[in-house]
Amino acid sequence: MENQNNIASESTTQKNDKVNSSNSHKINVDLVALFLLITHKWKFIAITLLVWAIFGIWYAFQQPKEYRSTVMLAPETTSNNLASKISSITSMVGLFDEANPTGDAIYPEIYPDMMSSNDFLVKLLPVKVKTLDNKVNTNFYDYQKNKTKKTFFMKVGGGIQHFFASLSKKDEVQPRVDSLHPDPHHLTKIEDGIVNSMRKDFTCQVDKKTNVITISAQTEDPLVSTIMANAIKDELQKFITKYKTEKSRNDVKYMSEINRKAKLDYSRARQKYAAYCDANTDVTLESVKSKQEDLENDMQLKYNIYTQTMQQLQMSMATLQDNTPAFTTIQSASVPLKHCNTPKIFILITFLIIGSLIDLLIIAIRYRKNIIQIA
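Here we summarise the structure given alongside this text. Counting restarts for each chain: residues are numbered from 1 in the order of the written sequence. With the structure being a predicted model, the display of local features is reserved for residues of pLDDT at least 70 and the display and counting of side-chain atom pairs for 80 or more, all residues being used for whole-chain, interface and lining totals. Just so you know, side-chain values use all the structure's heavy atoms and leave hydrogens and water out.

## Remarks on helix α11 (residues 246–279)
So, point 1. Given a rise of 1.5 Å per residue, 34 residues ought to cover 50 Å, and the 50 Å separating the end C-alpha atoms of α11 matches this to within 8%.
So, point 2. The contact criterion used is simple: two residues touch if any of their non-hydrogen atoms lie within 4.5 Å. The helix count covers DSSP runs of H or I at least four residues long, the strand count covers runs of E at least two residues long, and both are numbered beginning at the N terminus. Of the surrounding elements, those touching the buried residues of α11 are α12 (286–323). Expected span, for any helix, means 1.5 Å times one less than how many residues it has.

## Looking at the packing of aromatic side chains
So, point 1. Pairing of aromatic rings covers Phe, Tyr and Trp, the last counted by its six-membered ring, and requires centre-to-centre distances within 6.5 Å; plane angles under 30 degrees mean stacked, over 60 mean edge-to-face, and any other angle means tilted. According to the stated counting rule, one finds nine aromatic pairs in the structure shown.
So, point 2. Ring centres of Y266 and Y306 lie 6.1 Å apart, and the angle between their planes is 5 degrees; this geometry places the pair in the stacked category. A residue pair is termed long-range when its members are at least 10 positions apart, and Y266 in helix α11 and Y306 in helix α12 qualify at 40 residues.
So, point 3. Y306 sits in the buried class, given a relative accessible area of 16%.
So, point 4. Among the aromatic residues, those joined into a cluster by ring pairs are W52, F55, W58, Y59 and F351.
So, point 5. Remark: a charge is flagged as sitting over a ring if the NZ atom of Lys or the CZ atom of Arg is within 6 Å of the ring centre and within 35 degrees of the ring normal. Over the aromatic face of F61 sits the side chain of K344, whose NZ or CZ is 5.0 Å from the ring centroid. Remark: exposure states derive from per-residue accessible area (1.4 Å probe, protein chains only) relative to the maximum for the residue type, with buried under 20%, exposed over 50%, and partly exposed in between.

## Some words on a nonpolar patch on the surface
So, point 1. Where nonpolar side chains cluster on the molecular surface, the patch consists of I345, F346, I349, I353, L357 and L360 and spans about 560 Å² of accessible area.
So, point 2. Structurally, I353 is set in helix α13 (residues 344–366).
So, point 3. Using a relative accessible area of 48% as the deciding quantity, one classes I353 as partly exposed. The patch calculation keeps residues exceeding 30% relative accessible area without a salt bridge and links them within 9 Å when they carry like charges or within 5 Å when they are nonpolar (Val, Leu, Ile, Met, Phe, Trp, Tyr). Calculation of accessible area relied on Shrake-Rupley with a 1.4 Å probe; when residues are assessed, cover is drawn exclusively from the protein chains displayed. Salt bridge criterion: a side-chain nitrogen from Lys or Arg within 4 Å of a carboxyl oxygen from Asp or Glu.

## Some thoughts on the sheet that holds strand β2 (residues 67–75)
Strand pairing in a sheet relies on backbone hydrogen bonds. The paired strands run either parallel or antiparallel.
So, point 1. By this definition, two strands are paired if DSSP reports at least two bridges between them. Read from one edge of the open sheet, four strands run β5-β6-β2-β7, paired in antiparallel fashion. For this open sheet the edge positions go to β5 (202–206) and β7 (327–331), each flanked by a neighbour on one side alone. In this sheet, neighbouring strand axes are inclined to one another by 25 degrees on average, regardless of whether the strands run parallel or antiparallel.
So, point 2. All axes here are fitted lines through C-alpha atoms, helices being fitted over the stretch that makes contact, and every angle between N-to-C directions spans 0 to 180 degrees. Sitting on the sheet, helix α9 (residues 189–201) touches β5 and β6 (213–219), and the angle it makes with β5 is about 40 degrees.

Following this line, the structure appears as structure tokens:
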């Protein structure tokens, strides 16, 4: 037993010695040697940084100028005491959260998601736009497709995509006759590219505390940006109003039809009563008087129904007006004077930093034996 314990203790000691020896290896980076290598290779670094600088300047001037126009809206919030009490009770039991206290399917926090959907964006394609210099006057679909500048990388990417598409021999779906009103659920490649570009350039932000809606449109022309910002604002208001008033509009439509029929019934009953009275002016028979009273009562009943439906129609129209949301424009869209591109000096500095890091990495990998020491 003692021998076995001694053997076990020796093996454990050997393992611990191996672990300690492996842990004792330390990797040391000789910063002085790295600095000397950098100073020794200053020509290589200078040449590569010059190349990166030229490339950065070329890339910066390749980017077309873009202008951003902004609209700020404040939606009307209407709530009565009963609605607020119900909202408080439902929030206590967890039916609605703080972001959507009214329980509506459309509330401010989801406006950005709704605005980035294909169903919303394709409605903006037929919007008429014109540039600030009046050289282009067309719809936004044609402007994005044919009037915007294409950078070198966009041209190369489009050429590569066209090359592989020609190799695969997969013909695109036949183009539609009306490209201004495409099916949002079935877009062609060109339409999908334009919609994706719109999704990136058109933004909507909602302040959770104040519910202020900020809509921005960014294009290559300042006037086009302003026109599109207003178009987005109008389309968003139209969409929200349509949702908020859908039930009220259906009620008005239903009551209008009921009122129309009631008016027609009353008009027929009145004509029937008048014709009977004219035909029996000098008749004193009780049967005639009884018939006349029946017709008069029927006319009066039809008139009462007509007046009741008219009142209900007026109430429905008032409810429709009350449910129609109002938006206060805090900041109107104005033609921007300056572009919103990243300054060219920042692009140049970014390329120089990237080039410096790559140079350091190359030097560190090539002369790793002189820099990195394992003790």
